[in-house]
Amino acid sequence: SFSGDAMESAAKKKSGKADAGGLVCAGCKKKGEIGTMRRCGRCHAVFYCNADCQRKHWKLGGHKRVCVAAGTKVTPSEGEASSATLNNPCAICLVEEDSSTTTSADGAVQPPGLCPSCGTLFCGSCVVRIREIKACPTCRGSMSFTATQTVNLLRKQLTRSPGRHTAHAAYSLAKMYEEGDLVKKDLVEAVRMYRIGADHKLDLAEFHLGVYSEHGWGGLKVNAVEAVRFYRLAAAQGNTEGQYNVGTHIYKGSGGEQQSYDEAVRWWNLAADKGWTSAEQNLGICYTHGQGVPQSFDKAAVFFRRAAKKGHAGAQFMLGNMAMIGNGFPYPDVREARKWFVLAAAQGNQQAKEQVAECDLEIAKSEKLTQKFPAGIQDQLKRRGNMFTYTAPGHEDSAEETADLFQRFVYGKK
């Protein structure tokens with residue numbers, strides 16, 4: 001978030017002085033002291049040093065044409081998506097709610113951004129695009145503050161009239177106390193800030209209270225039932241991690257939830273649709289064993305591959321096992337299996353390390369047997385490059401048996 005960017009900048013230059021005031025008059029462009037600037041009472045998006053600047057900017061600066069009352073629903077113009085009617089549009093893109101969270105292709109969650117100076121919210125998508133800016137695009141205030149100024153500005157947002165900025169300011173402070181970023185680490189204070197955010201129905205705060213309740217952090221007692229309650233509150237608002245954790249508790253029958261594979265799959269599908277890697281891995285397991293869904297090795301391989309490509313060691317190991325025996329693959333493929341085992345082993349998976357050694361033995365035996373095949377079969381093997389047929393135990397030294405396996409696995413002959 002922007003508050004996070006400000007904190008990162010401050011951490012690098014704790015001894016440096018922040019720009020005086022941090023706000024810029026939209027009329028005369030002069031900097032002013034925070035707390036002395038007057039704000040447009042209609043859109044709440046721009047600031048002025050005095051009434052004269054505000055009148056001039058309204059009449060001559062073009063603000064009259066673009067000023068929209070805060071909270072006004074924005075109806076898309078012709079050519080824009082009809083679903084883009086918003087209650088609180090992002091001040092930058094105007095196509096997403098200012099408090100919306102986005103999830104990147106690799107599953108990383110980007111929360112909305114909060115300007116510590118003016119309290120304006122920007123959607124997660126815009127935060128990703130403008131992370132490197134040096135000033136708030138709304139108030140033009142500096143985004144570089146000392147540690148003390150950052151904390152004081154965020155606390156000031158909590159004392160303003162309650163609004164969407166309140167929850168996100170509390171969340172930003174909670175993360176600071178949780179990580180010891182610019183302030184002394186204090187999980188009890190983090191819980192207090194998360195509660196403020198949750199009281200304003202911020203899904204990110206609700207999810208973190210679930211985590212703290214599940215692990216007994218910040219002075220809370222371990223309470224899985226309370227944890228699931230918070231996860232469900234967050235999940236109901238579309239929080240991806242909340243959806244995943246609800247599904248996990250239902251799968252296990254923990255946290256007061258009735259065990260149900262069907263219901264767990266439903267929740268994990270919601271998270272997987274947003275690219276949550278662990279949900280994809282778990283759905284692969286469900287399809288492998290037929291838990292809550294009809295058994296399908298092909299669908300299991302699809303989900304394992306999605307998670308494996310994003311670096312999930314468990315999914316890489318499972319995909320390697322499936323390639324070894326040909327489940328979810330056109331044929332058993334030792335070299336393909338080895339590729340996934342190597343990736344899993346690099347992340348410390350001991351079973352994968354053992355399987356890499358097993359694959360090397362199989363490949364060595366297979367390459368030796370290749371020389372015994374008829375020339376036509378050898379050509380087929382060479383054209384397929386990285387593929388060599390799985391050799392069944394007990395048939396390693398029989399070229400005839402191996403050729404028969406090749407015919408059956410590659411050409412489907414009985």
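Residues numbered from 1 in each chain as written. Predicted model: local features only at pLDDT ≥ 70, side-chain atom pairs only at ≥ 80, totals over all residues. Heavy atoms only, no water.

### Comments concerning the overall build of the protein chain
Rule in force here: Here a strand is any run of E in DSSP of at least two residues, a helix any run of H or I of at least four, and the numbering for each starts at the N terminus. Burial here depends on accessible area, computed with a 1.4 Å probe over protein chains only, as a share of the maximum for the residue type. Under 20% is buried, over 50% is exposed, and the range in between is partly exposed. Only heavy atoms enter the contact rule, under which two residues are in contact if any of them lie within 4.5 Å.
The secondary structure content of the protein chain amounts to 18 helices and eight strands. Classification of the 414 residues of the protein chain by burial places 47% in the buried group. Residue pairs at least 24 apart in sequence account for 48% of intrachain contacts in the protein chain once pairs closer than 6 positions are excluded.

### Quick word on the packing of aromatic side chains
To keep things clear, this is the line we draw: Note on ring pairs: Phe, Tyr and Trp rings are taken, using the six-membered ring of Trp, and paired if centres are within 6.5 Å. Classes follow the plane angle, with under 30 degrees stacked, over 60 edge-to-face and the rest tilted. Cation placement over rings: the criterion is NZ of Lys or CZ of Arg within 6 Å of the ring centroid and within 35° of the ring normal.
Tallied over the entire structure, the rule returns nine aromatic pairs. Taking 5.5 Å as the distance between ring centres and 85° as the angle between the ring planes, the aromatic pair formed by Tyr212 and Trp217 counts as edge-to-face. Overall, Trp217 belongs to the partly exposed group, its relative accessible area being 37%. Aromatic rings pair up to connect Tyr171, Tyr194, Tyr212 and Trp217 into one cluster. Its guanidinium or amino end placed over the ring of Phe230, Arg229 lies 4.5 Å from that ring's centre, counting from NZ or CZ. A cation over a ring is seen here: Arg266 above Trp267, with NZ or CZ 4.9 Å from the ring centre.

### Section: unusual backbone geometry
Phi is positive for Leu182, close to 75°, though the residue is something other than glycine. The residue Leu182 is located in the loop between helix 6 (164-179) and helix 7 (187-199) in this model. Backbone geometry at Lys201 places phi at a positive 65°, although glycine is not the residue there. Tracing the backbone shows Lys201 in the loop between helix 7 and helix 8 (203-215). For Lys201, a relative accessible area of 61% corresponds to the exposed category.

### Some words on helix 11 (residues 261-272)
For clarity, the threshold we go by: Here, expected helix span is obtained from the residue count minus one, scaled by 1.5 Å. As used here, the arc belongs to the directions running from the helix axis to the C-beta atoms.
Taking 1.5 Å per residue as the helical rise, helix 11 with its twelve residues ought to reach 16 Å, and the 16 Å between its terminal C-alpha atoms agrees with that figure. Within helix 11, the full set of buried residues consists of Ala264, Val265, Trp267, Trp268, Ala271 and Ala272. On an axial view of helix 11, the arc spanned by its buried residues comes to 165°, and they lie on one face.

### Points about the side chain of Glu257
Test applied: In protein, a polar contact requires one atom able to donate a hydrogen and another able to accept it; more generally it is a pair of N or O atoms within 3.5 Å, and residues adjacent in sequence count only if both atoms are side-chain atoms.
In this fold, Glu257 is placed in the loop between helix 10 (240-252) and helix 11. Of the polar contacts made by the side chain of Glu257, one reaches the side chain of Arg232; its length is 2.9 Å. Apart from the residues lying within four places of it in its own chain, the contact partners of Glu257 are Val228, Arg232, His249 and Ile250.

### Remarks on the packing of helix 11 against helix 12 (residues 277-289)
For clarity, the cut-off: Axis definition: a line fitted to C-alpha atoms, limited for helices to the stretch in contact. Angles are taken between N-to-C directions and run from 0 to 180 degrees. Any angle from 65 to 115 degrees is called roughly perpendicular, while one under 35 is roughly parallel, one over 145 is roughly antiparallel, and all others are oblique. By convention the crossing between two helices is left-handed if the near helix lies anticlockwise of the far one by an angle smaller than a right angle, and right-handed if it lies clockwise. Throughout, the ten residues Ala, Val, Leu, Ile, Met, Phe, Trp, Tyr, Cys and Pro are labelled nonpolar, Asp, Glu, Lys and Arg are labelled charged, and all others, Gly among them, are labelled polar.
Following both chains from N to C, one finds helix 11 and helix 12 inclined at 140°, their axes separated by 8 Å at the closest point. Between helix 11 and helix 12, the angle falls in the class oblique. Where helix 11 crosses over helix 12, the two elements pack in a sense that is left-handed. Counting all contacts with helix 11, which are made through Val265, Trp268, Asn269, Ala271 and Ala272, the residues of helix 12 involved are Ala279, Glu280, Asn282, Leu283 and Cys286. Looking at the contact of helix 11 with helix 12, its residues break down into seven nonpolar, two polar and one charged.

### A few points about the packing of helix 9 (residues 224-236) against helix 10
It is the contact of helix 9 with helix 10, at a shortest axis distance of 8 Å, that shows an interaxial angle of 135°. Regarding the angle of helix 9 to helix 10, the classification is oblique. In the crossing of helix 9 with helix 10, the sense of the turn from one axis to the other is left-handed. Residues Val228, Tyr231, Arg232 and Ala235 of helix 9 touch helix 10, and the partners they reach there are Gly242, Gln243, Asn245, Val246, His249 and Ile250. In the contact of helix 9 with helix 10, the residues fall into five nonpolar, four polar and one charged.

### As for the nonpolar core
Applied cut-off: Among buried residues, the Ala, Val, Leu, Ile, Met, Phe, Trp, Tyr and Cys ones that are joined through side-chain atoms within 4.5 Å form a nonpolar core.
The biggest cluster of nonpolar side chains holds 44 residues, and the ones touching the most others in it are Trp268, Ala279, Leu319 and Phe341. With residues up to four places along the chain from it excluded, the contact list for Phe341 reads Phe317, Gly320, Asn321, Met324, Ala352, Gln355, Val356 and Cys359. One finds Leu114, Val151, Leu202 and Leu209 within the second-largest nonpolar core, a separate group that totals 26 residues.

### Observations regarding the confidence of the model for the protein chain
Just so we agree on the cut-off: pLDDT measures how confident the predictor is about each residue, on a scale from 0 to 100.
In the predicted model, the protein chain carries a mean pLDDT of 78, and the fraction of residues at 70 or more is 70%. The low-confidence segment residues 1-21 (pLDDT under 50) makes 48 contacts with residues lying over four places distant or belonging to another chain. Taken as a whole, residues 71-84 scores under 50 in pLDDT and shows 17 contacts with residues more than four places along the chain or in a different chain.

### What about helix 15 (residues 334-345)?
With twelve residues, helix 15 extends 16 Å from end C-alpha to end C-alpha; this agrees with the ideal 16 Å at 1.5 Å per step. By the burial criterion, the buried members of helix 15 are Val334, Glu336, Ala337, Trp340, Phe341, Ala344 and Ala345. The backbone nitrogen of Arg335 lies 3.3 Å from a side-chain oxygen of the residue at the head of helix 15, namely Asp333.

### Focus on the pattern of salt bridges
This is how it is decided: Salt bridge, as applied in this entry: a Lys or Arg side-chain nitrogen positioned within 4 Å of an Asp or Glu carboxyl oxygen.
Counted according to the given criterion, the structure contains 13 salt bridges. With a closest N to O distance of 2.5 Å, Arg338 and Asp360 form a salt bridge. On the criterion of sequence distance, the pair formed by Arg338 in helix 15 and Asp360 in helix 16 (residues 350-370) is long-range, its members being 22 residues apart. For Asp360, a relative accessible area of 34% gives the class partly exposed. If you follow the salt bridges from partner to partner, you end up with Arg155, Glu189 and Arg192 in one network.

### Overview of the environment of Ala323
Looking at where Ala323 falls in the secondary structure, it is placed in helix 14 (residues 313-325). For Ala323, the residues in contact, after removing those within four places along its chain, are Phe329, Tyr331, Pro332, Asp333, Glu336 and Ala337.

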